[in-house]
Amino acid sequence: MKALHRVLYVFSFILLMASCREDTIYTGFKKMDSGAYMQFYSRSGSKVMPRFDDEVTFEMAQFFNDSMLFSTAGEKPMSLVIKKADFVGDVPDALRMMHVGDSARLLVLCDSVFITTMKTDVPEEYAGKPIYYDLKLVSVKPFEVLQAEHEALLDSLKMAENEFLSSLKEDANNIVLESGLIVLEKQGKDKYAKMGDFVNFDFTVCTPTGDTIMNSFGVDPVEIQYGEEFFCDGFNKAIGLVPVEGILRFVIPSELAFDSTGYLNHIKPYTPLVVKLKLNSMMDKAAYEKKQAALKAEKEAEKERCLKKEKEAIETWIKNNEITESPTESGLYIIREKEGTGDVAQWGDKVSVHYNLINMESVVLESSYDFNNPITFTIGKGEMIPAIEEAVMTMSPGAKVRLIVPSELGFGDVVIDETWLPAYTPLVIDLELVEIK
């Protein structure tokens with residue numbers, strides 16, 4: 001019997017210790033019905049609490065390891081409409097448990113913030129650690145009030161659009177088309193794009209008050225096949241109305257644009273759009289395909305010239321530096337300068353490396369040593385150029401190698417820098433495996 005008591009005592013003690021270890025981080029915090037872990041500083045006595053779809057205004061400060069990361073102190077309080085939280089126990093779940101005037105501290109694990117909200121891996125220094133939010137609920141605007149305000153806003157915007165369009169229609173200088181578009185100005189000869197033609201154009205889209213929403217003039221012209229959807233229905237209808245090398249200024253009613261919904265935060269509901277459209281050029285499908293084939297052939301020829309130049313640069317480097325190593329099957333040269341100790345890095349390992357990035361003229365383009373800050377990546381996730389991923393899987397911690405990297409295993413046809421790292425640039429990389437994590 002005594003033995004049984006001892007067993008039960010030991011078992012109870014183990015459960016108690018496990019429980020303490022699990023909940024230590026939440027000591028002093030209460031798990032609320034919403035799943036949020038909270039500690040209240042003060043309660044106002046108000047009976048007003050937010051619901052889903054209500055708008056809340058609140059003050060917030062964010063802390064990690066006693067350091068303040070963010071605060072609304074001295075600034076305008078934050079506002080948001082309460083929706084389902086990114087993860088259980090997030091800020092919206094805490095706000096739903098508060099009354100107007102309440103102040104509380106919320107505890108969440110950094111892991112949830114990084115993985116769920118930021119969509120990224122958790123840095124080691126944050127893993128398993130708490131982050132705190134000090135919250136004060138300032139006000140709640142019920143969903144019903146928000147909805148009434150929104151409907152009133154829509155009514156005012158619709159009325160403003162009707163007044164704007166009516167004034168344009170009354171102007172005898174303007175032409176109201178059957179489609180609903182209103183032409184303000186037209187310049188150019190009578191040569192127009194047909195459906196299926198490829199058109200090159202510049203445009204500006206403004207609000208009735210002159211605020212620019214989009215503009216391509218002086219930036220990049222647009223090239224599409226006429227009939228392909230672009231921007232909005234009214235814009236697509238207008239492409240065939242502007243003469244080649246001509247200009248068309250016109251207004252798109254909201255019903256041919258973004259109607260009662262608007263577009264994100266850029267275009268309000270019931271916003272008519274004032275457009276200037278310049279048709280730079282057009283060509284039929286056969287001419288376009290011929291042009292594209294010529295451009296493709298020119299690009300391929302340029303690629304061949306670059307690859308030939310790259311091959312010569314690598315051969316010259318190897319000869320001048322008396323390199324005797326043979327390349328790997330992929331074409332990578334790995335010159336071992338220092339052996340490491342321990343296990344060799346493998347596919348899927350998280351590793352930390354130092355590097356010098358050098359061009360064929362021996363110019364150091366970038367170095368992690370300059371900032372004493374090795375980079376960390378997971379082998380096989382495509383977070384690093386192929387040459388480094390291949391080389392690091394032949395290295396143990398502490399190993400150092402020099403790599404001669406064909407562009408195919410580097411940045412390929414991507415232009416990193418027109419002067420120092422143009423397309424098809426071979427590289428020399430000094431690589432040190434610091435750690436396998």
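Conventions used here
- Residues numbered from 1 in each chain as written.
- Predicted model: local features only at pLDDT ≥ 70, side-chain atom pairs only at ≥ 80, totals over all residues.
- Heavy atoms only, no water.
- Helix = DSSP H or I, 4+ residues; strand = E, 2+ residues; numbered from the N terminus.
- Rg over C-alpha atoms; globule rule 2.2 N^0.38 Å.
- Buried < 20%, exposed > 50% of the residue type's maximum accessible area, 1.4 Å probe, protein only.
- Contact = heavy atoms within 4.5 Å.
- Areas by Shrake-Rupley, 256 points an atom, 1.4 Å probe, with all protein chains shown as cover.
- Lys, Arg positive; Asp, Glu negative; His and termini not counted.
- Charge placed at Lys NZ, Arg CZ, Asp CG, Glu CD.
- Phe/Tyr/Trp six-rings, centres within 6.5 Å; stacked < 30°, edge-to-face > 60°.
- Lys NZ or Arg CZ within 6 Å of the ring centre and 35° of its normal.
- Expected span 1.5 Å × (residues − 1).
- Pairing = 2+ DSSP bridges.
- Salt bridge = Lys/Arg side-chain N within 4 Å of Asp/Glu carboxyl O.
- Disulfide = S-S within 2.5 Å.
- pLDDT = per-residue confidence, 0-100.
- Polar contact = N/O pair within 3.5 Å; in protein donor to acceptor, adjacent residues only side chain to side chain.

**Student:** Whenever I open this one, the overall build of the chain confuses me. Can you help?
**Tutor:** Looking only at helices and strands, the chain features seven helices and 20 strands. In summary, the chain has a C-alpha radius of gyration of 32 Å against a globular reference of 22 Å for 437 residues, an excess of more than 25%. Over its C-alpha atoms, taken along the principal directions, the chain stretches across nearly 105 × 80 × 45 Å. For the chain, the proportion of its 437 residues judged to be buried stands at 38%. Within the chain, counting contacts between residues at least 6 apart in sequence, those at least 24 apart form 69% of the total. Surface exposure of the chain reaches about 26100 Å², of which carbon and sulfur atoms provide 53%. For the chain, the distance from the average position of its 46 positive side-chain charges to the average position of its 69 negative side-chain charges is 3 Å.

**Student:** I'm lost on unusual backbone geometry in this one. Help?
**Tutor:** Among all residues except glycine, the phi angle is most often negative; among peptide bonds, the trans geometry is most common. Even without glycine at this site, Asp66 takes up a positive phi of about 65°. As for its position among the elements, Asp66 is in the loop between strand 3 (55–64) and strand 4 (67–71). One non-glycine residue, Phe231, adopts positive backbone phi at about 65°.

**Student:** Looking at this structure, how should I read the packing of aromatic side chains?
**Tutor:** Remark: the centre distance and the inter-plane angle together describe each pair of aromatic rings, the angle taken between the planes. Evaluated as defined, the whole model comprises 14 aromatic pairs. Between Phe203 and Phe235, the ring centres sit 5.3 Å apart and the planes meet at 80°, which makes this aromatic pair edge-to-face. Taken as a pair, Phe203 in strand 10 (residues 198–206) and Phe235 in helix 5 (residues 233–239) lie far apart in primary sequence, 32 residues in all. In this pair, the class of Phe203 matches that of Phe235, namely buried. An aromatic cluster is defined as three or more aromatic residues linked by ring pairs; in this entry it consists of Phe201, Phe203, Phe230, Phe231, Phe235, Phe258 and Tyr263. Over the ring of Phe63 we find Arg105; its NZ or CZ atom is 5.2 Å from the centre of that ring. The ring of Tyr132 has Arg105 sitting right over it, with the charged end atom 5.0 Å from the ring centre.

**Student:** Help me understand the environment of Val405 in this model?
**Tutor:** Position of Val405 relative to the elements: it lies in strand 19 (residues 400–405). With near-sequence residues (within four places) excluded, Val405 lies in contact with Leu332, Ala387, Gly410, Pro426, Leu427 and Ile429.

**Student:** Please clarify how helix 6 (residues 285–320) should be interpreted in this entry.
**Tutor:** Spacing of three or four residues puts side chains on the same side of an α-helix, whose turn is 3.6 residues. Spanning 36 residues, helix 6 covers 52 Å between terminal C-alpha atoms, matching the ideal 52 Å at 1.5 Å per step. Among all positions in helix 6, only Tyr288, Cys306, Glu310, Ile314, Trp317 and Ile318 are buried. Against the buried residues of helix 6 lie strand 10, strand 12 (222–225), strand 14 (273–283), strand 15 (333–338), strand 19 and strand 20 (427–436). The first or second residue beyond helix 6 is Glu322, which carries a positive phi of 50°.

**Student:** Explanation requested: the pairing of strand 11 (residues 212–215) in the structure shown.
**Tutor:** Bridge count between strand 10 and strand 11: three bridges; the pairing is antiparallel. Bridging from a neighbouring strand, Thr204 pairs with Asn215 of strand 11. Counting the residues between successive antiparallel strands, the hairpin from strand 10 to strand 11 contains five residues, one of them, Gly210, with a positive phi of roughly 95°.

**Student:** What should I look at first to understand the pattern of salt bridges in this one?
**Tutor:** Side-chain pairs of opposite charge can arise where the charged atoms are in close proximity. In total, this model carries twelve salt bridges according to the counting rule given. Linking Arg51 and Glu144 is a salt bridge whose minimum nitrogen-to-oxygen distance equals 2.8 Å. Of this pair, Arg51 sits in the loop between strand 2 (37–42) and strand 3 while Glu144 sits in helix 4 (residues 143–170); the two residues are 93 residues apart in sequence, bridging distant segments of the chain. Here Glu144 falls in the partly exposed class, since its relative accessible area comes to 43%. Close ionic contact of Lys141 with Glu149 constitutes a salt bridge, the shortest N to O distance being 3.3 Å. A relative accessible area of 39% means that Glu149 is categorised as partly exposed. Within the structure, one salt-bridge network assembled from shared partners comprises Arg51, Asp54 and Glu144.

**Student:** Any chance you could explain the state of the cysteines here in plain terms?
**Tutor:** Disulfide: a covalent bond connecting the sulfur atoms of a pair of cysteines. Taken as a whole and judged by the stated rule, the model has zero disulfides. Cys232 forms no disulfide, and the closest cysteine sulfur to it belongs to Cys206, at a distance of 14 Å. On the basis of relative accessible area, Cys232 is assigned to the buried category, the value being 6%.

**Student:** Even after reading the chapter, I still don't get the confidence of the model for the chain, so can you show me in this structure?
**Tutor:** The predicted model of the chain averages 91 in pLDDT, with 95% of residues at 70 or higher. Scored below 50 in pLDDT, residues 1–22 shows zero contacts in the model against residues more than four places distant or in partner chains.

**Student:** Just to check I follow, could you spell out the environment of Ala127 for this structure?
**Tutor:** Looking at where Ala127 falls in the secondary structure, it is placed in the loop between helix 3 (110–117) and strand 7 (130–141). Given the relative accessible area of 38%, Ala127 is considered partly exposed. Between the alpha carbons of Ala127 and Cys110 there is a distance of 6.4 Å; along the sequence they are 17 residues apart. Residues within four places of Ala127 in sequence aside, it is in contact with Asp111 and Val122.

**Student:** Any chance you could explain the side chain of Thr72 here in plain terms?
**Tutor:** Looking at where Thr72 falls in the secondary structure, it is placed in the loop between strand 4 and strand 5 (78–81). The residues touching Thr72, leaving out its near neighbours within four places in the chain, are Glu59, Met60 and Met78.

**Student:** Can you help me understand the side chain of Asp102 in this one?
**Tutor:** Tracing the chain through its elements places Asp102 in the loop between helix 2 (91–95) and strand 6 (103–109). Buried charge without a salt bridge: Asp102, with Arg43 as the nearest opposite-charge side chain at an N-O distance of 4.3 Å. At a separation of 2.8 Å, a polar atom in the side chain of Asp102 contacts the main-chain amide nitrogen of Ser44. Residues in contact with Asp102, not counting those within four places in the same chain, are Phe40, Ser42, Arg43, Ser44, Leu135, Lys136 and Leu137.

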